[in-house]
Amino acid sequence: MEKIIGFLTPALVYAFIFVLNATLPGRWVTGYVNRKDTGEKLRYRLNGLPVLFTVVLTWVLLCATGILPWDWFYRYRWYGLSGAAVLGLIFSFAIVLPYPPVKKSFLADFFLGRLDNPQRWGGRIDGKMWLYLVGAVMLELNVLSFTSHHIILYGDQASPGIYLVAALLSFFVIDYLFFEEVHLYTYDFLAEKVGFKLGWGCIAFYPYFYSIPLWWAVDLPDPHTPGYLLVICGAIFLAGWSLSRGANLQKYYFKKDPKRDFLGIVPETITDGNRTLLVNGFWKWSRHINYLGEILMAAGIVMSAGHPLIPWPWLYPIYYIALLTTRQLDDDKRCAVKYGTLWEQYVKKVPYRIVPFVY
Ligand code: NDP
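Residues numbered from 1 in each chain as written. Predicted model: local features only at pLDDT ≥ 70, side-chain atom pairs only at ≥ 80, totals over all residues. Heavy atoms only, no water.

(A) Molecular detail of the site of the ligand. Taken together, 27 residues surround the ligand, and among them Tyr 32, Tyr 187, Tyr 210, Tyr 291 and Tyr 339 come closest. Taking Tyr 187, its main chain carries an N or O atom lying 2.5 Å from an oxygen atom of the ligand. Isolated, the ligand exposes 920 Å² of accessible area, and the fraction of that covered by the protein chains is 94%. For the shell around the ligand, the elements supplying multiple residues, two or more each, are helix H9 (187–191), helix H12 (227–256), strand E6 (276–278), helix H13 (289–304) and helix H14 (315–339). Looking at which element gives the most residues to the shell around the ligand, the answer is H14, with nine residues. In terms of residue class, the shell around the ligand is built from 15 nonpolar, five polar and seven charged. Two domains each put at least three residues into the shell around the ligand: domain 1 (1–160 + 179–213) and domain 2 (223–359). (Near = heavy atom within 4 Å. Polar contact = N/O pair within 3.5 Å; in protein donor to acceptor, adjacent residues only side chain to side chain. Areas by Shrake-Rupley, 256 points an atom, 1.4 Å probe, with all protein chains shown as cover. Helix = DSSP H or I, 4+ residues; strand = E, 2+ residues; numbered from the N terminus. Nonpolar A, V, L, I, M, F, W, Y, C, P; charged D, E, K, R; others polar. Domains from an automatic or database assignment.)

Now the structure itself:
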């Protein structure tokens, strides 16, 4: 019976998130992407943080009252992962099959999707924002429950590195939800459709794969990583976060108001008269310094766990490198088409793709 509930847990959590997302008070914002039919900007109703806190509070109440073991999500992680994988598949078919083909091959349509920005009730529920929300909240539940398992197992002897990983992953989730609106200005909203890649990616892959640094480490005893090394790991994470969040916010403020400064950096641009690109601040070092930031954050998290010789957790930063290098190539192609000769000028001015002076 418990295994069946473990399998169904992601479905129950995601349904709860759906209800909270639709009913808790939210902030209406105008996004960056245009509606295909009217050309107007899409509207969104954002309430990611209240949803996260309500779900976590509910989890704490269920555990504190003895209804749910604190380490439930860890104990039944393989069942939860299987349930999420099946749910992701069902979602992918449901979001692709009923809609007209976009590409010649069904497989390409299934993987990449047919709908650009599905919304219900005038934006009260947005398909992409809901997907990122379920991924983020489920990841946080995994982080809390996996860490609880470590504490139950080791008590006073629990590893400070595990606490650090839990804190950094929680910071990652809260930061994303705090800056939810900035996310509306990213590649996912501009260039991606909703299919298996995004749907299965957020429902199954994101919450379970991103918890991999804890998945393998919480059963192990404290590796006694020296305190100064933990400080270095935390500093690598924070350096990465500064690059990523800094670049994303600078671009976000620039798109909203091209004259507005960010952290005292007044936008410097190149233009062809119609379109404009930022070329200073974070955006002068490489065309995707934010991707470097994301990779550093992942490396800081994995190293904090303190088991560098176990290969599995390293899949986390390696995945980021694979995802973001290919994404940079795709984005470069998209921007070359959108900006034409202005992009060529930009590439000459900012020649590095991700890592300044290296790549
Ligand atoms: P960007 O935020 O860099 O967005 C790229 C878009 O920004 C381009 O398509 C272009 O769109 C615009 N742009 C590019 N260069 C300039 C410039 N110089 N001046 C003005 N506009 C410019 O990339 P992503 O959307 O891919 O990533 C957003 C964030 O999400 C990053 O921090 C990334 O690391 C993170 N991310 C995190 C993942 C995770 O799993 N944790 C996964 C993927 C991404 P346009 O001109 O049309 O506006």
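(B) Main features of the environment of Asn 142. Along the chain, Asn 142 turns up in helix H6 (residues 127–154). When its relative accessible area of 0% is taken as the criterion, Asn 142 is described as buried. As a C-alpha pair, Asn 142 and Ile 4 span 138 residues in sequence and 18 Å in three-dimensional space. Setting aside chain neighbours within four positions, we find Asn 142 in contact with Phe 73, Pro 207, Tyr 208 and Ser 211. (Buried < 20%, exposed > 50% of the residue type's maximum accessible area, 1.4 Å probe, protein only. Contact = heavy atoms within 4.5 Å.)

(C) Region of interest: the environment of Gly 227. Relative to the assigned elements, Gly 227 resides in helix H12. Residues Gly 227 and Pro 160, spaced 67 residues apart in sequence, show a C-alpha to C-alpha distance of 8.8 Å.

(D) Here's a closer look at the packing of aromatic side chains. In this structure the tally under the stated criterion is 41 aromatic pairs. An angle of 65 degrees between the planes, with centres 6.0 Å apart, marks the rings of Tyr 210 and Tyr 319 as edge-to-face. Taken together, the residues span a long stretch of sequence, with Tyr 210 in the loop between helix H10 (196–209) and helix H11 (212–215) and Tyr 319 in helix H14 at a distance of 109 residues. Taking the relative accessible area as the measure of exposure, Tyr 319 reaches 22% and is therefore partly exposed. When the ring of Tyr 316 is compared with that of Tyr 320, the centres are 5.2 Å apart and the planes differ by 85 degrees; the resulting orientation is edge-to-face. (Phe/Tyr/Trp six-rings, centres within 6.5 Å; stacked < 30°, edge-to-face > 60°.)

(E) The arrangement of the domain arrangement of the protein in detail. What the domain assignment lists for the protein is domain 1 (1–160 + 179–213) and domain 2 (223–359). Using C-alpha coordinates to define each centre, domain 1 is positioned 24 Å away from domain 2. Opposite the 17 residues of domain 1 that make contact, domain 2 presents 23 residues. Both faces considered, domain 1 and domain 2 share a buried interface measuring about 1,800 Å² in area, 68% of it formed by carbon and sulfur atoms. Connecting domain 1 to domain 2 are two salt bridges. (Buried area = accessible area lost by both parts, 1.4 Å probe. Salt bridge = Lys/Arg side-chain N within 4 Å of Asp/Glu carboxyl O.)

(F) Broad picture of the packing of helix H2 (residues 48–64) against H6. Between H2 and H6, whose axes approach to 10 Å, the crossing angle comes to 35 degrees. Considering the relative orientation of H2 and H6, their crossing is right-handed. Side by side, H2 and H6 meet where Gly 48, Val 51, Leu 52, Val 55, Val 56 and Trp 59 of the first sit next to Leu 133, Val 137, Glu 140, Leu 141, Leu 144, Ser 145 and Ser 148 of the second. Its residues assigned to classes, the contact of H2 with H6 shows nine nonpolar, three polar and one charged. (Axes fitted to C-alpha atoms, helices over the stretch in contact; angles between N-to-C directions. Left-handed = near helix turned anticlockwise from the far one by under 90°.)

(G) A look at the pattern of salt bridges. A complete count under the given rule lists ten salt bridges for this structure. Arg 27 is the partner of Glu 181 in a salt bridge, and the nearest nitrogen-oxygen pair spans 3.1 Å. Placement of the pair is Glu 181 in helix H8 (residues 180–183) and Arg 27 in strand E1 (residues 27–34), with a sequence separation of 154 residues. Note on Glu 181: relative accessible area 10%, which makes it buried. Through salt bridges that share partners, Arg 27, Glu 181 and Lys 256 make up one connected network.

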